[in-house]
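What follows is the residue order along each chain.
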Amino acid sequence: MAAAMASHGERAVLEEEFKWLLQEEVHAVLKQLQDILKEASHRFALPTSGSGGAVKQENFVLSTSGTDQVKGVMTLQGDALCQADVNLKMPRNNQLLHFAFREDKQWKLQQIQDARNHVNQAIYLLMNRDVNYQFRTGLEVLKLMDAVMLQLSRARNRLTTPATLTLPEIASSGLTKMFTPALPPDILVNFYINLNKLCLTVYQLHVLQPNTTKNFKPAGGSVLHNPGAMFEFGSQRYEVSHVHKVECVVPWLNDALVFFAVSLQLCQQLKDKISVFSSYWNYRPY
């Protein structure tokens, strides 16, 4: 009898603690998540104070230690490359080529745009329940955390996993028409984000003659194609002869990735607390 009463009393205490968790601690965590993700969102927007919400321009020098084959100066404005100057030293004859974006052109970095949209969607999910909202079950909180974590994982993955492209897709990209003077047919370029870095890849090509003895095997999709990769574009076949990759760190992208990691950890900790309560008694509170 005494054991049963103790068990009943223990259960009552646990239920009170769980009720406090749902009514108080969950909202505290939601507020903390909102604050962190608003900071992340501000990094993507990059507003300048007193400029009516205008997005500031940042200049980055892209280079690789130990080689000066390719150098680039990029101007990033939020999710858009609004200026790009690329110097390319041709290995055949050390000829120096220079290309720049046309003044009427800018290149949208879809990865940044998508990541920002996922962050804003996570914030919307968190703000959809104000401080007076009463969570009634643990399952309700778990579903909310799963939805928020899904958006945060997608935001992170857009920055950490660049798109795989075939060489014909790169060749037909609008990026090839951005430059003045126009890119020669034996040069391809691609910009992308990888983690906290802005990357530029330059491919130098040579034409495969119709009577070549090489076994033509078109390359599939990849983030970075290697020398020897072959492809067909228009009525011409090409092989990649040289690949140059230059990059630079974008500090606010690094901040955003840290915010994503901290937020995902907070979501998981809250899920773990709710799961611990459910393991204490046969009655599942969710």
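Residues numbered from 1 in each chain as written. Predicted model: local features only at pLDDT ≥ 70, side-chain atom pairs only at ≥ 80, totals over all residues. Heavy atoms only, no water.

The name an unreviewed UniProt entry gives the chain is Protein rogdi homolog, with Rhabdornis inornatus as the organism. What UniProt states about the chain under its Subcellular location (unreviewed entry) heading is, verbatim, "Cytoplasmic vesicle, Secretory vesicle, Synaptic vesicle". (UniProt positions renumbered as here; feature names shortened; annotations may be inferred.)

Enquirer: Which residues make up the packing of helix α2 (residues 110–127) against helix α3 (residues 138–160), and what values go with them?
Expert: Where α2 contacts α3, the two axes come as close as 8 Å, and the packing angle between them is 165°. Relative to α3, the element α2 lies roughly antiparallel. In the crossing of α2 with α3, the sense of the turn from one axis to the other is left-handed. Each of Gln110, Gln111, Ile112, Asp114, Ala115, His118, Val119, Gln121, Ala122, Leu125 and Leu126 in α2 lies in contact with α3, whose residues at this interface are Leu144, Met145, Ala147, Val148, Gln151, Leu152, Arg154, Ala155, Arg158 and Leu159. Considered class by class, the residues forming the contact of α2 with α3 number 13 nonpolar, 5 polar and 3 charged. (Axes fitted to C-alpha atoms, helices over the stretch in contact; angles between N-to-C directions. Helix = DSSP H or I, 4+ residues; strand = E, 2+ residues; numbered from the N terminus. Parallel < 35°, antiparallel > 145°, perpendicular 65-115°, else oblique. Left-handed = near helix turned anticlockwise from the far one by under 90°. Contact = heavy atoms within 4.5 Å. Nonpolar A, V, L, I, M, F, W, Y, C, P; charged D, E, K, R; others polar.)

Enquirer: With reference to specific residues and values, describe the packing of aromatic side chains.
Expert: Here the structure, examined in full by the defined rule, presents 6 aromatic pairs. Taken together, a centroid distance of 5.7 Å and an interplanar angle of 80° make the contact between Phe44 and Trp252 edge-to-face. Of this pair, Phe44 sits in helix α1 (residues 2–45) while Trp252 sits in helix α5 (residues 251–278), and the two are 208 residues apart along the sequence. What makes Phe44 buried here is its relative accessible area of 0%. For Trp252, a relative accessible area of 5% corresponds to the buried category. Consider the rings of Phe231 and Tyr238, whose centres lie 5.3 Å apart with planes at 20°: the pair is stacked. Residue Phe231 is classed as buried on the basis of its relative accessible area of 2%. Put simply, the rings of Phe44, Trp252 and Phe260 touch in pairs and so form one group of aromatic residues. When the ring centre of Tyr133 is taken as origin, the NZ or CZ atom of Arg129, which lies over that ring, is 5.8 Å away. (Phe/Tyr/Trp six-rings, centres within 6.5 Å; stacked < 30°, edge-to-face > 60°. Buried < 20%, exposed > 50% of the residue type's maximum accessible area, 1.4 Å probe, protein only. Lys NZ or Arg CZ within 6 Å of the ring centre and 35° of its normal.)

Enquirer: How would you summarise the confidence of the model for the chain if you had to cite specific residues and measurements?
Expert: Looking at the chain as a whole, its pLDDT mean stands at 85, while 88% of the residues score no less than 70. Across the chain, the element-wise mean pLDDT spans from 78 in α1 up to 95 in α3. Across residues 1–6, where pLDDT falls below 50, the model places 0 contacts with residues more than four positions away in sequence or in other chains. Contacts from residues 281–286, a stretch scored under 50 in pLDDT, to residues over four places away or in other chains number 14 contacts. (pLDDT = per-residue confidence, 0-100.)

Enquirer: Kindly report on α3, identifying the contributing residues and their values.
Expert: The end-to-end C-alpha distance of α3 is 32 Å, a good match for the 33 Å that 23 residues give at a rise of 1.5 Å each. Listed as buried for α3 are Gly138, Val141, Leu142, Leu144, Met145, Val148, Met149, Gln151, Leu152, Ala155 and Leu159. (Expected span 1.5 Å × (residues − 1).)

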